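Understanding the architecture of this molecule
Chain residues, written in single-letter form:
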Amino acid sequence: MTGQDVEHTPDGRWIVVDGRRWRRQDPGLPADVAARLTSHLGRARAAVRTVRRDGTEEELRAVRDRVGLAKLGLGERGTPWWEQSPAEREARWTGALAQLDALAPPESV
């Protein structure tokens, strides 16, 4: 799906996919931060698939928590980004990245 395929609500806070409304990623995220959080999200989602098949309930909870933390950093969960000050938004994504980097260090390129 490309950005052109996504319908946005008039207020710009939500996207609509297959008739369902989802909170939009914080548009104030710097591009490098969004890329890092998206990478963490993708790796955590892949880990959920693997752990669901081969892991324990505790491992599954841990990787699902990583998914939630990445979505929080992106502004898709927690206090809506439009209700936060710029400083609160930056603290949100900075804190999420620090925790995610500690839990699952970025892969070297």
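For the structure given in this document, a descriptive report is provided here. Since the model is a prediction, treat every value here as computed from it, not as a measurement. (Residues numbered from 1 in each chain as written. Predicted model: local features only at pLDDT ≥ 70, side-chain atom pairs only at ≥ 80, totals over all residues. Heavy atoms only, no water.)

**Things to note about the environment of D54**
Worth spelling out the cut-off: Numbering of helices and strands runs from the N terminus, with a helix taken as a DSSP run of H or I at least four residues long and a strand as a DSSP run of E at least two residues long. Residue exposure (1.4 Å probe, protein chains only): buried if accessible area is under 20% of the type maximum, exposed if over 50%, otherwise partly exposed. We call two N or O atoms a polar contact when they sit within 3.5 Å, provided that within protein one can donate a hydrogen and the other can accept it, with sequence-adjacent residues counted only if both atoms are side-chain atoms.
By the element assignment, D54 lies in helix α1 (residues 31–54). The exposure class of D54 is exposed, given its relative accessible area of 57%. Here R53 takes part through its side chain, which lies 3.4 Å from a polar atom of the side chain of D54.

**Quick look at the pattern of salt bridges**
In plain terms, the rule: Counted as salt bridges are all cases of a side-chain nitrogen of Lys or Arg within 4 Å of a carboxyl oxygen of Asp or Glu.
Applying the stated criterion across every chain yields a total of six salt bridges. The salt bridge involving D65 is made with R61; its shortest N-O contact spans 3.1 Å. Separated by four residues within a single helix, D65 and R61 lie in helix α2 (residues 57–74), roughly one turn from each other. Take D65: its relative accessible area is 44%, and that puts it in the partly exposed class. Assessed through its relative accessible area of 47%, R61 is described here as partly exposed. For the salt bridge of E76 with K71, the shortest nitrogen-to-oxygen distance reads 2.5 Å.

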